[in-house]
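Structure at a glance
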Amino acid sequence: MANSTQEAFHEVRSRRNSKEPRLRQANIVLDAVTEVIAQQYGAEKKQGGDFPLTAYFAALMSFLERRDSEGSMVAAIMFLLGKVLKHVSPAVLRSRSERVATLMCRVLTDHSEEPVACRWGIECGKMLLASLHPKQWAQSNKAAQKISSQAHLFRALLLFATDLRPRIRKSAQAGVADILEETAAGTNIEGDTTAIRPAMNHLGSIVKEVLVGELQQCTPKECQGAMFACGLLQKIIHVLPPAAARSVLDKLFELAAKGSPVLLIQSMKTAESLFSEDPNGSGDPDSKQSRSGKERDLQNRLILDSMDTVLAMRPHVADVDANLAYLKALLQGARSVCNDSDLIGMGGLSRVAAIVSTIHPALISPKGEVAKASATVLRAVMAECVPVIVDREAKAGTGVSYDEIVGAVVTILSYRYKTAWQHAFAIASSLLRKVDVTKLKSTARILLALDSLHQGTLSNKERKYLESAIEAAIMKSGIEAVLDVLPLELPTTNCNAIRDGGTLQSAFERSRSWLLPVMQSAVKNGPHRLAYFFQVIWPQLEEMEKTSNALPKIGKEAEAKMMAGLVEKIWECFPSFCVLPTDMYEALGKYAMPWAKSIQSRKDDAKSCGCICKGLASFVGSVSDGPGVGVGGSAEEDEDDDDAETKEDKKGPGYAERLLKLGVSREDMMKTRKLLGKYSGNFLPLLFSAALSGPRSPPSSASGVHIVAAVTEFGRIADSQLTNKLFLQLLKRMLKAQTSATASEAMMEENLKNTHVLADLAIGLVPHLNKSALDWGLKAFLPMLEDDDPQLQKKAYRIIRLLCEPGHASYVQGCWRDLSKALRKALACCLPGVTRTRLSCMEHFVPTLLRMLPTQPDTFQELGAYVGEIILSCKESNSKARESAFALTVTIGTMLNESEVDVSKLKLLSSPDPNKSPLLCEYLAMVSGGLAGTSPRMQGAAVSVLARLIYEFHDDIPRENITKIIRTVSVLLRERNREVVKAVIGFCKVVCIRADNHVLKDFLGDIVTGLCRWSDDQKNRFRQKIRSIFVTLSKRYGSETLSQLVPAKHRKLVDHIRKEVARKARDKAESWKEHQSQFEGTRTVDFGTQEGSAGPRSRIASQNQRDIESVLFDEKDEDEDADFQDFRRTRRSKKKAGRKSMAIVDPDVDFMGPGVSELVVRGGHTIGDDLKRLESQDVLAFGDDGKLIIPDENQEKNMDEDGEEGARDGKEVFAKKRKKRKQVNRDNTRNIQSGKRFKSRKGAGGDVKTKSTGVDPYAYVPMNPAHLNKRKFFRAKKAFESVVSKSGKGGKNKGMRGKRGGQKRR
């Protein structure tokens, strides 16, 4: 009990010396109460507060019984009583409920105007009523005189729930909600729950009486009380008895239909709260407050009737917020119906269909927000509710509601909704993605409507959305179901156009060839049969090929080209049918022979043969659970070896899992794989023959790429002996083609082509070879590293890269010395076009060596042989090659830093500390050796690599190593080579960002002195980079420290940097404050969107993200002067800022009001701010005697605005002069002296001469010839209005006297 007392009053006693009057008064009362209790107990006063809480409870209640207490005293007592009641047991409160309720009612009645007393009275009343037993409320329902004080207190809380004071109103609403929830949950009872329902009915009757009375007092124009009642209903509607809720909602909806749009919005939110609750009992279905069957029926009927009422209360099209709330309520109503079987049985599905029919006209609303929100609601209904409707009506054997929804979708696909077709296509796509066309035939109406629109005039964007809807239907229902509704109508002898006697041209026009690209992208993601292509499409394809070959003979070359293009599109669809066939085993057994024959017969046709081989690779890949087409098959893998489909397939789930989802069993997959392994001995020779007999240029032809992909996929499942045997045969033929020295020149060219083809095929089998075959492969391919043909060199490097894959890790451990020796020897023979391929090989080979470091320490010595080459690769002209080289340097550093190798077993050049990243320090020593290179290219590359390593590993590198590196690199600032100096400046920039303050401070003088040597250089354009380094140093060490280090002639630049940094900090703070003020006025839109763009903080955070590439490389510095470009960008941004459109912060603006200029925003600030700034700006300077001071114009022209001595180059000087002239001629209102500063501050009507002004009052408008121009009449009028409008009293002209007075003064 003592602990409870201390806990209850801990907050009060801990703030005894607080300056807040409420806490001081509470401590005084607490001390007085403690003294009274001590006297009653007959003991001395105890400071520890160890008296029982019941004693404090009784004493505080005694204090409340006095009617002569002041308001502040009552507030302090209620505050303490609230602290006590939180720790008093509910049994004690129930036993004293009559007395406490009576006192609470007295406090709320007598001190209703005292906010603190009223608020804590509400809190105490809530805790009291929430602790009551439901039987007490039930007894009160039978005999109200027994506990009338409790009911009276509850009624008082309901009255305060609609109070005008926000804090009191919210507290009362929360209290009423807690009382109802505690009573409904039966928290204070155990066992029998029969008293809960009578208690809730009694409380519901009180709520109904109070709220209905409040609503009856409201009128359509004065409905503030109704809005407060809505706020309460939104919290308690889910626990109110259905009868009470119906009475209140009926009156609310009746008033909202005639009231203001704001009340309608709150009514829609109340309906949304009603639809959001669980009609069968909130929360856990096994909870105690689960409603009985009759109450569930009443609640369900209330929801359906409320839904009908909401459907009939459609807001006006111009009320955006009301429409958004209306749509959100309907969406929640549709969800509640589909999530409850009882509502569905009571006719809820017809309401969902009615919601769709009611909402879809809003798609063509003139308000864009409403149209977008209605589309969002309809898409959600199609995705969440339509599947439930389909399942229910399929079981019932009806489809009325679904047919109505389909009719609404077909309606929005008409020309009446042309402006909303983009949304309409998305809605149709959402429906087609959930409904199978084969099960519900009425869905075909949507497909036919889409087809009719596709034949019309659509924009490219609309056509894309339409085709996405067709794709959704194919992925859900399958290609066969879609083609039954929309047949392709290919131009064959059996098509309708030819049978009707039409021409071939008409057959082309009536065909649905636009479906072919859609099929190509969608078939592989939906259920389909491979047999369908062979049975239905393949015969038509062969007929079309024959027709295409025969048309040129009769002079129809145009039709022949059209037919050939159509044939090519159909062949491109074949690989999609092979990706995920559901009948793979049956189709393979039946169509393997025609498939193989087509490869043999079409090997001269690169396009068709390539599509057939691509389909074969996809089919085999789906069975082997591999990545699909294109893996390991391209001869140009270092460029772009994988097409878009391959990359997409790699990202998706495994083929096996996707096949199982489509209903293909694991047994069928295993049988298909076994059958493919059996057929591999037949398919592989055919693929080799097709590659050698067809157009043999695999590096550039699609057929060669897909043939190699098919060979690679077959290597996964073929017998290993067969794979090794075929690989050796390919090597023999390749070596034979290379060694035919007696051949003619034409024969030699043919042999070279064969060599390329055979090498590609052999590379496709490399991942699946054994050790013996790999040995022969290295003997054949390693000499190619020194070949004169760049393509053969690339293939040899590709072999080494494949060997570094995890599958051949054990083999590489035995032959890494031979591979390393061959790579080092081939460096001198590497051709210019092969550099990137060699670097790609190094990206795999060098990490492989480092992974072997724990078992074979000798591999660390080999690393030094490649460091120099990797460093030089960082200076490649190809940007991707540079990125790869830098990434490799970081990868090496990461692996060495994380390695746990025993350093004592390694032979290191330096003597690093074993406890401080020794391998990383050794690697830095290797890279630092490049600083002693003989060529500037090597020195610059080494500096750039060191900068990158320090940037990445600044926390892991010991301080002494960083010190040595900085000392060595800073010496290179004395070099004269531009390439070296540019790299050193980038290094200095990285060091200034990443290095520790103590390390950098020792070299600060050397760095600043070296940089200042190049700051005046005009040729190399290093000034902007050096300036950015000075800005960073100024932020870290202060401008005073930096000013002491720079020479005297550069100190003005440091002063300018200090001012610029301070100005940017102020601008950032002002921008953030301005954003905060604007953000408070923006309107939050439902459905998760908010008007306006992101605030400046997010933009500042994104700008502060430092990129190492931007630090080390600045391409703009090489082409043009960065300072001049900076000036041009600033000037361009100012022009754009001047053209910013106006926006209104508050949507409810009186445009005729006097303060409208404060609400209109242009470019982030109000126009009123601009006028105030112009009026308060003193453009003219005055001396102490009041005389006008005119500055020397020549002196102003000779001043350097950037703090540097003298003028810069000619471009910048000319730009500054031009800027000054334009600034003077653009806005002459800046020179206007309106006389505002002479206005009296004490409210007098005239002007005043004070000590601060020092001159007689005057107003001044400069002479400007532009004021005589008729086209600039309003500008001239504005200039004179700022002076003339101040002529009357208080700055305003009132009546004719004011006007005459203004004319007289004028």
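**Here's the deal with helix 20 (residues 400-412)**
The terminal C-alpha atoms of helix 20 lie 19 Å apart, and with 13 residues this matches the ideal 18 Å at 1.5 Å per residue to within 8%. For helix 20, every residue scored as buried is listed here: Ser401, Tyr402, Ile405, Val406, Gly407, Ala408, Val409 and Ile412. Elements that come into contact with the buried residues of helix 20 comprise helix 17 (341-359), helix 18 (368-384), helix 19 (386-396), helix 21 (421-432) and helix 22 (444-454).

**Let's talk about unusual backbone geometry**
Glycine aside, negative phi is the norm for most residues, and most peptide bonds take the trans geometry. One non-glycine residue, glutamate 489, adopts positive backbone phi at about 55°. Locating glutamate 489 in the fold gives a position in the loop between helix 24 (479-485) and helix 25 (496-499). Assessed through its relative accessible area of 22%, glutamate 489 is described here as partly exposed.

**Quick look at the environment of isoleucine 265**
Note that isoleucine 265 resides in helix 14 (residues 261-276). What makes isoleucine 265 buried here is its relative accessible area of 17%. Taking the C-alpha atoms as reference points, isoleucine 265 and alanine 325, separated by 60 residues in sequence, lie 5.8 Å from one another. Filtering out sequence-adjacent residues up to four positions away, isoleucine 265 remains in contact with Asp321, Ala322 and Ala325.

**Some points on the pattern of salt bridges**
It is possible for side chains of opposite charge to pair when their charged atoms get near one another. Taken as a whole and assessed by the stated rule, the structure comprises 24 salt bridges. Two residues, aspartate 775 and lysine 771, come together in a salt bridge whose shortest N-O distance is 3.3 Å. Of this pair, aspartate 775 and lysine 771 both sit in helix 39 (residues 771-781), four residues apart, roughly one helical turn. For aspartate 775, a relative accessible area of 27% puts it in the partly exposed group. Two residues, glutamate 862 and arginine 824, come together in a salt bridge whose shortest N-O distance is 3.3 Å. In this pair, glutamate 862 is assigned in helix 43 (residues 859-873) and arginine 824 in helix 41 (residues 809-826), connecting sequence segments 38 residues apart. On the basis of relative accessible area, arginine 824 is assigned to the partly exposed category, the value being 36%.

**Overview of the confidence of the model for the chain**
Residues of the chain with pLDDT of at least 70 account for 75%, and the chain-wide mean is 77. Ranking the elements of the chain by mean pLDDT puts helix 54 (residues 1096-1103) last, at 37, and helix 21 first, at 94. Across residues 1113-1168, where pLDDT falls below 50, the model places 74 contacts with residues more than four positions away in sequence or in other chains.

**Thoughts on the nonpolar core**
Among the nonpolar cores identified, the biggest contains 363 residues, and Phe154 and Phe1030 are the most heavily contacted of them. In terms of residues, this core owes the most to one element, helix 16 (residues 320-338), which gives twelve residues. In this view, phenylalanine 154 contacts Leu129, Trp137, Val176, Ile179, Leu180, Leu203, Ile206 and Val207; residues no more than four positions away in its chain are not counted.

**What about the packing of aromatic side chains?**
Throughout the structure, instances matching the rule amount to 17 aromatic pairs. On the numbers, 5.6 Å between centres and 80° between planes, the contact of phenylalanine 574 with tryptophan 595 is edge-to-face. Within this pair, whereas phenylalanine 574 is found in helix 29 (residues 557-579), its partner tryptophan 595 is found in helix 30 (residues 584-601), the two being separated by 21 residues in sequence. In this structure tryptophan 595 comes out as buried when scored by relative accessible area, which is 0%. Each ring, one from tryptophan 595 and one from phenylalanine 619, has its centre 5.6 Å from the other, and the planes form 65°; the classification is edge-to-face. You can see tryptophan 595 sitting in helix 30 and its partner phenylalanine 619 sitting in helix 31 (residues 606-623), a full 24 residues away along the chain. Feature note: the residues Phe533, Phe534, Trp538, Trp571, Phe574, Phe577, Tyr591, Trp595 and Phe619 constitute an aromatic cluster, connected by ring pairs.

**With respect to the packing of helix 42 (residues 835-851) against helix 43**
Helix 43 packs onto helix 42 with a crossing angle of 150° between their chain directions and a minimal axis gap of 11 Å. Judged by the angle between their axes, helix 42 and helix 43 are roughly antiparallel. In terms of crossing hand, the pair formed by helix 42 and helix 43 is left-handed. For the pair helix 42 and helix 43, the contacting residues are Arg838, Leu839, Met842, Phe845, Val846, Leu849 and Leu850 in the first and Thr859, Glu862, Leu863, Tyr866, Glu869 and Ser873 in the second. In terms of residue class, the contact of helix 42 with helix 43 is made up of eight nonpolar, two polar and three charged.

**Some thoughts on the side chain of histidine 808**
Looking at the element boundaries, histidine 808 is found in the loop between helix 40 (790-803) and helix 41. Ignoring any residue separated from it by four or fewer positions in sequence, one finds histidine 808 in contact with Val766, Pro767, Leu769, Leu774, Leu802 and Leu803.

**With respect to the packing of helix 16 against helix 17**
Relative orientation of the contacting elements helix 16 and helix 17 amounts to 150°, with a least axis distance of 9 Å. When the axes of helix 16 and helix 17 are compared, the pair comes out roughly antiparallel. Crossing geometry of helix 16 relative to helix 17 is assigned as left-handed. Between helix 16 and helix 17, the contacting residues are Tyr326, Leu327, Leu330, Ala334, Ser336, Val337 and Cys338 on the first element and Leu343, Ile344, Gly348, Leu349, Val352, Ile355, Thr358 and Ile359 on the second. Of the residues in the contact of helix 16 with helix 17, the class split is twelve nonpolar, three polar and no charged.

So, how was this worked out
- Residues numbered from 1 in each chain as written.
- Predicted model: local features only at pLDDT ≥ 70, side-chain atom pairs only at ≥ 80, totals over all residues.
- Heavy atoms only, no water.
- Helix = DSSP H or I, 4+ residues; strand = E, 2+ residues; numbered from the N terminus.
- Expected span 1.5 Å × (residues − 1).
- Buried < 20%, exposed > 50% of the residue type's maximum accessible area, 1.4 Å probe, protein only.
- Contact = heavy atoms within 4.5 Å.
- Salt bridge = Lys/Arg side-chain N within 4 Å of Asp/Glu carboxyl O.
- pLDDT = per-residue confidence, 0-100.
- Core = buried A, V, L, I, M, F, W, Y, C linked by side-chain atoms within 4.5 Å.
- Phe/Tyr/Trp six-rings, centres within 6.5 Å; stacked < 30°, edge-to-face > 60°.
- Axes fitted to C-alpha atoms, helices over the stretch in contact; angles between N-to-C directions.
- Parallel < 35°, antiparallel > 145°, perpendicular 65-115°, else oblique.
- Left-handed = near helix turned anticlockwise from the far one by under 90°.
- Nonpolar A, V, L, I, M, F, W, Y, C, P; charged D, E, K, R; others polar.

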